[in-house]
Amino acid sequence: MKKLIEKINPPKDTQELLKKSKGEIYPDVEYLKDWYINYSNSHINRLSFDLQYLTDEFPEPKDVTVLELGSVPPILTNAIQKKGFKIT
């Protein structure tokens, strides 16, 4: 039997890219600003793992299109584009 153990922390490069993406996106209405800060800080590790899974599966992103549905806030979408994937 094979046992799969996932890492506790995502790779630093994906974390840094997500942190940069998080800084480039900001709500334009006042009442969402606190929510955005809390959401982005709470989910940065999960989003980093999602980005790493995608780049592990598709190491050559230039020919890959990702279907993104309902991305709010679009932190991961922004990072996926920065990695070279097309978003539709």
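Before reading on, note that the structure itself is shown above.
The structure contained in this document is the topic of the report that follows.

Rules behind the numbers
- Residues numbered from 1 in each chain as written.
- Predicted model: local features only at pLDDT ≥ 70, side-chain atom pairs only at ≥ 80, totals over all residues.
- Heavy atoms only, no water.
- Core = buried A, V, L, I, M, F, W, Y, C linked by side-chain atoms within 4.5 Å.
- Buried < 20%, exposed > 50% of the residue type's maximum accessible area, 1.4 Å probe, protein only.
- Helix = DSSP H or I, 4+ residues; strand = E, 2+ residues; numbered from the N terminus.
- Salt bridge = Lys/Arg side-chain N within 4 Å of Asp/Glu carboxyl O.
- Polar contact = N/O pair within 3.5 Å; in protein donor to acceptor, adjacent residues only side chain to side chain.
- Contact = heavy atoms within 4.5 Å.
- Axes fitted to C-alpha atoms, helices over the stretch in contact; angles between N-to-C directions.
- Parallel < 35°, antiparallel > 145°, perpendicular 65-115°, else oblique.
- Left-handed = near helix turned anticlockwise from the far one by under 90°.
- Nonpolar A, V, L, I, M, F, W, Y, C, P; charged D, E, K, R; others polar.

Observations concerning the nonpolar core
By size, the foremost hydrophobic cluster in this structure holds 15 residues, and its most contacted members are Leu18, Leu51, Ile80 and Phe85. If you tally residues by element for this core, the top one is helix H2 (residues 33–57), at 5 residues.

Brief notes about the pattern of salt bridges
Scanning all chains against the criterion turns up 4 salt bridges. A salt bridge links Glu24 to Lys82, with the nearest nitrogen and oxygen atoms 3.2 Å apart. One end of the pair, Glu24, is in helix H1 (residues 12–24); the other, Lys82, is in helix H3 (residues 75–82), with 58 residues separating them in the sequence. Judged by relative accessible area, which is 40%, Lys82 ranks as partly exposed. Here Lys33 makes a salt bridge to Glu30, at a shortest N to O gap of 3.3 Å.

Describing the side chain of Gln15
Its place among the elements puts Gln15 in helix H1. Its relative accessible area of 12% is what places Gln15 among the buried residues. At 2.8 Å, the side chain of Gln15 forms a polar contact with the side chain of Asn45. Beyond its immediate sequence surroundings of up to four residues, Gln15 is in contact with Pro10, Asn45 and Ser48.

Some thoughts on the packing of H1 against H2
Closest axis-to-axis distance for the H1/H2 pair is 9 Å, and the angle between their directions is 140°. It follows from the interaxial angle that H1 and H2 lie oblique. As H1 packs across H2, the resulting crossing turns out to be right-handed. Between H1 and H2, the residues in contact are Asp13, Thr14, Gln15, Leu17, Leu18, Lys19 and Lys22 and Tyr36, Ser40, Asn41, Ile44, Asn45, Leu47, Ser48, Leu51 and Gln52, respectively. Its residues placed into classes, the contact of H1 with H2 shows 6 nonpolar, 7 polar and 3 charged.

With respect to H3
Of all 8 residues in H3, 6 are buried; the element is thus mostly enclosed. In the core, the buried residues of H3 are packed alongside H1, H2, strand E1 (65–66) and strand E2 (86–87). Just beyond H3, the residue with positive phi is Gly84, at close to 105°.

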